[in-house]
Number of protein chains: 4
Amino acid sequence: MDGRDWSKFLLPYEQAVEELKVKFKNLRSELKKRNEYSPIEFVTGRVKRISSILDKAQRLDVPMDQLESGIEDIAGIRIMCQFVEDIKTIADFIQEREDMSVVYIKDYIKNKKESGYRSYHIIVKYPVQTALGSKEVLAEIQIRTLAMNFWATIEHSLNYKYKQSLPDELRMRLSKAAEAAFLLDEEMSSIRDEIMESQQLFEDKSLI
Amino acid sequence: MDGRDWSKFLLPYEQAVEELKVKFKNLRSELKKRNEYSPIEFVTGRVKRISSILDKAQRLDVPMDQLESGIEDIAGIRIMCQFVEDIKTIADFIQEREDMSVVYIKDYIKNKKESGYRSYHIIVKYPVQTALGSKEVLAEIQIRTLAMNFWATIEHSLNYKYKQSLPDELRMRLSKAAEAAFLLDEEMSSIRDEIMESQQLFEDKSLI
Amino acid sequence: MDGRDWSKFLLPYEQAVEELKVKFKNLRSELKKRNEYSPIEFVTGRVKRISSILDKAQRLDVPMDQLESGIEDIAGIRIMCQFVEDIKTIADFIQEREDMSVVYIKDYIKNKKESGYRSYHIIVKYPVQTALGSKEVLAEIQIRTLAMNFWATIEHSLNYKYKQSLPDELRMRLSKAAEAAFLLDEEMSSIRDEIMESQQLFEDKSLI
Amino acid sequence: MDGRDWSKFLLPYEQAVEELKVKFKNLRSELKKRNEYSPIEFVTGRVKRISSILDKAQRLDVPMDQLESGIEDIAGIRIMCQFVEDIKTIADFIQEREDMSVVYIKDYIKNKKESGYRSYHIIVKYPVQTALGSKEVLAEIQIRTLAMNFWATIEHSLNYKYKQSLPDELRMRLSKAAEAAFLLDEEMSSIRDEIMESQQLFEDKSLI
């Protein structure tokens, strides 16, 4: 690490994550209060740890004075939804917002990763007002179904353990789990219209 | 409805739900801070709506002056976990707690419902301290994997819409989705040991 | 009331209050993390009740179709600080922000109300992103010392009870309390420099 | 420090603070929902920092293996109220609760400290359910008016800066501020009955 004060470096990203979480949670509540279907099931967020930022910078050859533009997911937001179809709706909402601007999109649903990873990532520019003035930061918004998220969380920890050398047996099982997750998403989509209609009728059915 | 003030009737249940949510969320944080595996993924809670309480009382023939003992899920807590194996661990934690006592258990995992519904329910007695003194209320704690929860939420809304007359086509698809959810749980269990070991290594991997 | 759906009318204001609370609380945390003095002690917010909006509209002769521009405090934020001197610092921060614009200022500190009321109000325009698109709403930000706030809360309830006819005896006592609050602020200012220096040293002194 | 894992040492205290905050906040909401006056204005809590625990242990000659019984404020809760009269009401509520037991009371209102410090402290035993089983911890509940709290916060930071040697000039000003705070409480008490009646009428007057 250089002499930089890393905890201060993260401050605007922490702020961005806090604000974005509130905003997407509010979008969900707003739709519920309008008695409309919410494509958002729940929202989480995190700021990348310093050690992970530095690892990634090294891996991607990002110079230390270009971390802010070179590492796009220092601020990370994850939006979970029930149906694959919801992902597009959420992406459209994000495109239309005037408080952030879309930089680019990585569509790992259309282009599933070899490992089985499916998710939809939007990189946005988002301005925060700090004690030192206005500052624009990058944030990565990941949009996924619950099944995609379940699988991805697990793959992430396995890869972390085995680095790039996942044993064949495990790789095969992980791949089977990805198929099961995909199958669940497919079955769900096939009854989606029925479900959406019935959830309109019965909004507060579930534990919140 | 009788002349009762229903919003006051619900006060101790609201309190129970608030406290139980904090307690189970704290159990999760505690385990994380001890660097131990947490069987709890996340926790939600809700108080049953008055109209649903009255519907259920009528359906189960519970007299209006015995709602507190006859309707066991006025206070409801739901604990979601990653693996089927975690359910037992959580149930054991609950048995050992001295701030609540287990009344009885409904195991819909060993005894899957005909519809495909799987979940583990524990009915507990929990004392709350109100402005009017101490009061013991019943609460239902539902423990499920994420896949079980996903399916159950959807089945619940479909049943609500179609009452007891779910069309055959839909019933069949719902049953297929239950199988896909079950399959996902199976695949996950098969790689569980690997995953648990790797999650130990990599605790803060995921977006919180 | 006209046929309008009032709960939907309030949605953008609720969103503004949520976001502004997070933003000012974050400003406080940011300063603490930078080891700088925070002029913000704590932040609260509320959306005006429909009945109060309609009362005020009638009192101020605001036509029903101009509530959004005519009633400036439908979204209300209150920022409490320790010292009279902090109020100016907070006002300067607000002026510099690029996510809201100041419409005008009511300085009831320089121009104390006859009743004894002291407070500093900033009316801002703040854009929120709703499910229906971007929308600019008015919000009132009230900045006060803790002593001013204490007194104002009490005066507010007394006026509500007695409308415009506060008994002389009570008016006199309220005026004495205003003096005591003012005196407390004066004494605090006189030892302010010492205090600010010592609070720097001892940031996490107080219960959060 | 000895070899102890301090972050684990604090876990049950963190849990106690979380639970107690929720419980006292709920008491406030419950009373509001019952349309009764709430003696509780707001509630904060903190866990003492390790360094402060060790300082205090040294100052009070508490052996390192008796910290849990010798330092009574590792878990600290602060309850703020509007009127001096509310303090007694809150203390009575605490005495009657069955989820904690009062160990002893320090009444610095009847027995004001020489410095001018006024506050009411209740030391309680409170059982928490940890992952390792049930555990009883001590907690200190401080009850104060807003004016007492304002003054105490400031005195605390000044004492921290000057240790035991506060300059005479400052000591005198601090004493004057204590008088102003006391005077404010007196004035408030004198109009208390009027205020309580009017706040009943006008419950949601204030920003929350």
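The shown structure was predicted, so the numbers you read here are calculated from the model rather than taken from an experiment. (Residues numbered from 1 in each chain as written. Chains lettered and ligands numbered in written order. Predicted model: local features only at pLDDT ≥ 70, side-chain atom pairs only at ≥ 80, totals over all residues. Heavy atoms only, no water.)

K.L.:
Just to check I follow, could you spell out the overall build of chain A for this structure?
P.N.:
Across its full length, chain A holds seven helices and five strands. Relative to a compact globule of 208 residues, whose C-alpha radius of gyration would be 17 Å, chain A shows 19 Å and is just as compact. Dimensions of chain A, computed from C-alpha atoms along their principal axes, come out at roughly 60 × 50 × 30 Å. Counting only residues that meet the buried cut, chain A has 56% of its 208 residues in that class. (Helix = DSSP H or I, 4+ residues; strand = E, 2+ residues; numbered from the N terminus. Rg over C-alpha atoms; globule rule 2.2 N^0.38 Å. Buried < 20%, exposed > 50% of the residue type's maximum accessible area, 1.4 Å probe, protein only.)

K.L.:
I would appreciate a short explanation of the relation of the copies chain A and chain C in the present structure.
P.N.:
Mapping between the two copies of the chain is achieved by a rotation about an axis and a shift along the axis. Between chain A and chain C, the superposition needs a rotation of 180° and an axial shift of 0.0 Å, giving an RMSD of 0.0 Å. Interpreted geometrically, this transformation is the action of a two-fold axis. Relative to the rotation axis, the closest C-alpha in chain A is found at Glu19 of chain A, a distance of 3.5 Å. Residue by residue, 100% of the interface of chain A is reproduced at the interface of chain C, so both copies engage with the same surface. (Least-squares fit on C-alpha atoms with pLDDT ≥ 70 in both. Contact = heavy atoms within 4.5 Å.)

K.L.:
When you look at the packing of helix α1 (residues 6-33) of chain C against helix α2 (residues 50-59) of chain C in this model, what are you seeing that I'm missing?
P.N.:
Helix-helix packing: each pair is described by the crossing angle between the helix axes and the interaxial distance. Residues and elements named next belong to chain C. For the pair α1 and α2, the least separation of the axes is 11 Å and the interaxial angle reads 90°. Compared by their axis directions, α1 and α2 come out roughly perpendicular. Packed against α1, whose contacting residues are Trp6, Phe9 and Leu10, the element α2 presents Ile50, Ile53 and Leu54 at the interface. Partitioned by chemical class, the residues of the contact of α1 with α2 number six nonpolar, no polar and no charged. (Axes fitted to C-alpha atoms, helices over the stretch in contact; angles between N-to-C directions. Parallel < 35°, antiparallel > 145°, perpendicular 65-115°, else oblique. Nonpolar A, V, L, I, M, F, W, Y, C, P; charged D, E, K, R; others polar.)

K.L.:
What is the right way to look at helix α4 (residues 84-96) of chain B in this model?
P.N.:
Three- or four-residue spacings in an α-helix give side chains the same orientation, since the helix completes a turn every 3.6 residues. All names here are of chain B. Of all the positions in α4, only Asp86, Ile87, Ile90, Ala91, Phe93 and Ile94 are classed as buried. The buried residues of α4 all sit within an arc of 160° when viewed along its axis, so they share a single face. Those residues of α4 that are exposed and angled more than 90 degrees off the buried face are Lys88 and Glu96. (Arc of directions from axis to C-beta.)

K.L.:
So what exactly am I meant to see when it comes to the sheet that holds strand β4 (residues 120-130) of chain A here?
P.N.:
The pairing of strands in a sheet comes from backbone hydrogen bonds and takes either a parallel or an antiparallel form. All names here are of chain A. With mixed pairing, five strands are arranged side by side in an open sheet as β1-β2-β5-β4-β3. The open sheet is flanked by β1 (42-47) and β3 (101-107), the only strands paired with a single partner. Averaged over all pairs of adjacent strands, the angle between their axes in this sheet comes to 25°, without regard to strand direction. Of the strand pairs in this sheet, β3 and β4 are connected by six bridges, and their pairing is antiparallel. Of the residues in β4, the one forming a bridge with Asp107 is Tyr120. Docked against the sheet, helix α4 (residues 84-96) engages β2 (75-81), β3, β4 and β5 (133-145), running at close to 165° with respect to β5. (Pairing = 2+ DSSP bridges.)

K.L.:
Can you walk me through helix α6 (residues 168-190) of chain C in this structure?
P.N.:
Helix length check: α6 of chain C (23 residues) gives 33 Å between terminal C-alpha atoms against 33 Å at 1.5 Å per residue, within 8%. Looking only at α6 of chain C, the buried set comprises Leu170, Leu174, Ala177, Ala178, Ala180, Ala181, Leu184, Asp185, Glu187 and Met188 of chain C. (Expected span 1.5 Å × (residues − 1).)

K.L.:
Hey, could you run me through the interface of chain A and chain B in this one?
P.N.:
How big an interface is tends to be stated in terms of accessible area lost as the parts join. Taken together, the contacts link 46 residues of chain A with 46 residues of chain B. Both sides together, the interface formed by chain A and chain B hides about 4500 Å², and carbon and sulfur atoms give 72% of it. Between chain A and chain B we count zero salt bridges in total. Seen at the junction of chain A and chain B, the total is two residue pairs in polar contact (both at pLDDT 80 or more). Only β1, β2, α5 (146-162), α6 (168-190) and α7 (192-201) of chain A provide two or more residues apiece to the side of chain A that touches chain B. The greatest single-element share of the side of chain A that touches chain B, amounting to 12 residues, is contributed by α6 of chain A. Residue composition of the side of chain A that touches chain B, grouped by class: 23 nonpolar, 12 polar and 11 charged. (Buried area = accessible area lost by both parts, 1.4 Å probe. Salt bridge = Lys/Arg side-chain N within 4 Å of Asp/Glu carboxyl O. Polar contact = N/O pair within 3.5 Å; in protein donor to acceptor, adjacent residues only side chain to side chain.)

K.L.:
Help me understand the sheet that holds strand β1 (residues 42-47) of chain B in this model?
P.N.:
Residues and elements named next belong to chain B. The five strands lie next to each other as β1-β2-β5-β4-β3, forming an open sheet whose pairing is mixed. Where the open sheet ends on each side, the last strands, each with one partner, are β1 and β3 (101-107). Direction aside, the axes of adjacent strands within the sheet are offset by 25° on average. Judged from the six bridges that link them, β1 and strand β2 (residues 75-81) form a sheet pairing that is antiparallel. Directly across from Val43, in β2, lies its bridge partner Ile79. Where helix α5 (residues 146-162) meets the sheet, it contacts β1, β2 and β5 (133-145), and its direction lies at approximately 100° from that of β5.

K.L.:
Explain the environment of Phe150 of chain C here, please?
P.N.:
One can find Phe150 of chain C in helix α5 (residues 146-162). Under the relative-accessibility criterion, Phe150 of chain C is labelled buried at 4%. In the structure, Phe150 of chain C is positioned 28 residues away from Ala178 of chain C in sequence and 9.5 Å away in space, judged by C-alpha atoms. What Phe150 of chain C contacts, discounting residues up to four positions off in sequence, is Gln82, Leu146, Leu184 and Met188 of chain D.

K.L.:
Hey, could you run me through the interface of chain A and chain C in this one?
P.N.:
With 23 residues of chain A in contact, the opposing surface of chain C contributes 23 residues. For the pair chain A and chain C, the two sides together bury roughly 2300 Å², of which 58% comes from carbon and sulfur. The three residues of chain A that bury the most area against chain C are Arg34, Gln129 and Ala131 of chain A, which together make up 26% of that side's buried surface. Taken together, the connections running from chain A to chain C amount to two salt bridges. The partner of Glu14 of chain A in a salt bridge is Lys33 of chain C, and the shortest N-O contact between them spans 3.1 Å. Across the contact surface, chain A and chain C share eight residue pairs in polar contact (both at pLDDT 80 or more). Secondary-structure elements contributing two or more residues to the side of chain A that touches chain C are α1 (6-33) and β4 of chain A.

K.L.:
Explain the packing of aromatic side chains to me, please; I cannot follow it from the model alone.
P.N.:
Geometrically, a pair of aromatic rings is defined through the distance of the ring centres and the angle of the planes. Under the definition given, this model contains 14 aromatic pairs over all chains. Ring plane angle 65° and centroid distance 5.9 Å describe the contact between Tyr108 of chain A and Tyr117 of chain A, whose orientation is recorded as edge-to-face. Overall, Tyr117 of chain A belongs to the buried group, its relative accessible area being 9%. Each ring, one from Trp6 of chain B and one from Phe9 of chain B, has its centre 5.3 Å from the other, and the planes form 75°; the classification is edge-to-face. (Phe/Tyr/Trp six-rings, centres within 6.5 Å; stacked < 30°, edge-to-face > 60°.)

K.L.:
Please explain the confidence of the model for chain A as it appears in this structure.
P.N.:
Any residue range with low pLDDT should be treated as having predicted coordinates unsuitable for detailed reading. All names here are of chain A. Overall, the prediction assigns chain A a mean pLDDT of 89, with 93% of residues at 70 or greater. The secondary structure element of chain A with the lowest average pLDDT is α7, at 69, and the one with the highest is β4, at 98. This model gives residues 204-208 a pLDDT under 50, and the stretch forms 16 contacts once residues within four places in sequence are excluded. (pLDDT = per-residue confidence, 0-100.)

K.L.:
Sorry, what's going on with the relation of the copies chain A and chain B here?
P.N.:
Overlaying chain A on chain B yields an RMSD of 0.0 Å, the required transformation being a rotation through 180° with an accompanying axial translation of 0.1 Å. Mapped onto chain B, 100% of the interface residues of chain A again fall at the interface, so both copies present the same surface.

K.L.:
Help me out: how do you make sense of the pattern of salt bridges in this one?
P.N.:
Pairing between side chains becomes possible if they bear opposite charge and their charged atoms approach one another. Summed over the entire model, instances satisfying the criterion amount to 61 salt bridges over all chains. Here Arg173 of chain B and Glu169 of chain B are joined by a salt bridge, their closest N and O atoms 3.0 Å apart. Of this pair, Arg173 of chain B and Glu169 of chain B are both found in helix α6 (residues 168-190), four residues apart, which corresponds to roughly one turn of the helix. For Arg173 of chain B, a relative accessible area of 30% gives the class partly exposed. Sharing partners across several salt bridges, the network here consists of Arg46, Lys48, Lys56 and Asp73 of chain A.

K.L.:
Sorry if this is basic, but what is going on with the side chain of Asp86 of chain D here?
P.N.:
Residues and elements named next belong to chain D. Its place among the elements puts Asp86 in helix α4 (residues 84-96). A relative accessible area of 1% places Asp86 in the buried class. Among the polar contacts made by the side chain of Asp86, one reaches the main-chain amide nitrogen of Gln82 at a distance of 3.5 Å. Not counting residues up to four positions away in its chain, the partners in contact with Asp86 are Tyr37, Pro39, Cys81 and Arg192.

K.L.:
How should I be thinking about unusual backbone geometry in this particular structure?
P.N.:
What is expected of a backbone is that most residues other than glycine have negative phi and most peptide bonds are trans. Its identity is not glycine, yet Asp61 of chain A carries a phi of approximately 60°, on the positive side. Mapping Asp61 of chain A onto the fold places it in the loop between α2 (50-60) and α3 (67-70).

K.L.:
In this structure, what is going on with the environment of Val128 of chain C? I would like to understand it.
P.N.:
All names here are of chain C. Counting through the fold element by element, Val128 comes out in strand β4 (residues 120-130). By relative accessible area, Val128 is classed as buried at 0%. C-alpha of Val128 to C-alpha of Asn149: the two residues are 21 residues apart in sequence and 28 Å apart in space. In contact with Val128, not counting residues within four places along its chain, are Pro12, Gln15, Ala16, Glu19, Gly133, Ser134 and Lys135.

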